Amino acid sequence: MSQAPSNPPGLTDRQALIRNRQRALKAPELFLHETALDEAQDRLSLVNRTFTEVAIVTPFPQVWAAFFPDAKIIPDDEVLALEEQSHDLVIHALALHWADDPVGQLIQCRRALRPDGLFLGLTFGGQTLHELRASLGQAEVEVTGGMSPRVAPMGEIRDLGGLLQRAGFNLPVADAIPLNTSYQSPLHLMHELRAMGENNALATRLRHPTQRNVLLRAMQIYHESFGTDDGRIPATFEIITLTAWSPDDSQPKPLRPGSATQRLADALGTIEKPLKD
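Residues numbered from 1 in each chain as written. Predicted model: local features only at pLDDT ≥ 70, side-chain atom pairs only at ≥ 80, totals over all residues. Heavy atoms only, no water.

**Q** Honestly, the pattern of salt bridges in this entry has me stumped. Any pointers?
**A** A pair can form between side chains of opposite charge whenever their charged atoms are brought close. If you walk through the whole model with that rule in mind, you get 7 salt bridges. Residue E224 is joined to R217 by a salt bridge in which the shortest nitrogen-to-oxygen separation is 4.0 Å. (Salt bridge = Lys/Arg side-chain N within 4 Å of Asp/Glu carboxyl O.)

**Q** How should I be thinking about the pairing of strand β4 (residues 113-124) in this particular structure?
**A** Within β4, 10 of the 12 residues are buried, which leaves it mostly tucked inside the rest of the structure. In this structure, strand β3 (residues 87-93) lies alongside β4, joined through 6 bridges in parallel fashion. If you follow H92 over to β4, its bridge partner there is G121. In terms of handedness, the path from β3 via helix α4 (residues 102-112) over to β4 forms a crossover that is right-handed. The pairing of β4 with strand β6 (residues 233-245) spans 7 bridges and is classified as antiparallel. When the bridges of β6 are listed, F124 appears paired with I239. (Buried < 20%, exposed > 50% of the residue type's maximum accessible area, 1.4 Å probe, protein only. Helix = DSSP H or I, 4+ residues; strand = E, 2+ residues; numbered from the N terminus. Pairing = 2+ DSSP bridges. Right-handed = clockwise from strand over helix to strand, strands pointing away.)

**Q** When you look at the side chain of T236 in this model, what are you seeing that I'm missing?
**A** Position of T236 among the secondary structure elements: in strand β6. Under the relative-accessibility criterion, T236 is labelled buried at 12%. Separated by 2.6 Å, the side chains of T236 and E131 make a polar contact. Setting aside anything within four residues of it in sequence, one finds T236 in contact with Q127, T128, L129, H130, E131, L179 and N180. (Polar contact = N/O pair within 3.5 Å; in protein donor to acceptor, adjacent residues only side chain to side chain. Contact = heavy atoms within 4.5 Å.)

**Q** Looking at this structure, I do not really get helix α6 (residues 157-166). What am I missing?
**A** Within an α-helix, residues lying three or four positions from one another point in the same direction, as the helix has 3.6 residues per turn. Within the sequence span of α6, burial applies to L160, G161, L163 and L164. Here the buried residues of α6 occupy an arc of 145° about the axis, which is enough to place them on one side. With respect to the buried face of α6, the exposed residues turned more than 90 degrees away are R158, Q165 and R166. Of the surrounding elements, those touching the buried residues of α6 are α4, β4, β5 (170-183) and β6. Where α6 ends, the next residue or the one after it, G168, has phi of about 90°, a positive value. (Arc of directions from axis to C-beta.)

These values are about where atoms sit, not about what they do.
See the structure below:
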């Protein structure tokens, strides 16, 4: 009798991720989460509405609690501790890139919103740490002849906007905030990622320390390819902000095809010309 195929591993080793985050709580260097908080505050200041039932999904509640003292703050578990239609604002803060099922996370957030409730998501985009990924990948190929997963995959802005539609939100908008930083060396960058709980927690990662010669070659490649004149190295972080609304009959809807009452040429003040064969 043939055995049923085993389930493939998920993206994230949750136990490793929890251990990484627990270390970060002891010596937090959470400037990226603080940047996400600032961005969320700016976005909410532009919304002409007062939110009274707020939920925040975050691995680092201490960053958010002081500014949202009455919010329900929960971890980014696979099943979110949210009740249906119990909130008018849900914020998902810099944790979506570790989700095995990001669409499922968004669907749960939508279900937790009341009609015409606001979803605000902040997540890392595909340009994040592109310098480090390229340097480590090239070094590992040169030294070992292969390449192992080291950085969690992060979506491009167009793909992430599409996830909002797949999750059933209305009026989705996605835009990117580039954040350019610099470090004394790639090792200082990797130390800070570890301090933020963002070191490798991929389920398919290597389970032994990276070879010293791989790290040394990666540092050399990083400096040669991206280093600045002052001897430092740049590191790019891209924070993508996702905004959308839970469906409600009061929201504007697109017109049906063919229902326009004015020609585009009239609106633009131009003369319409027939196409030539």
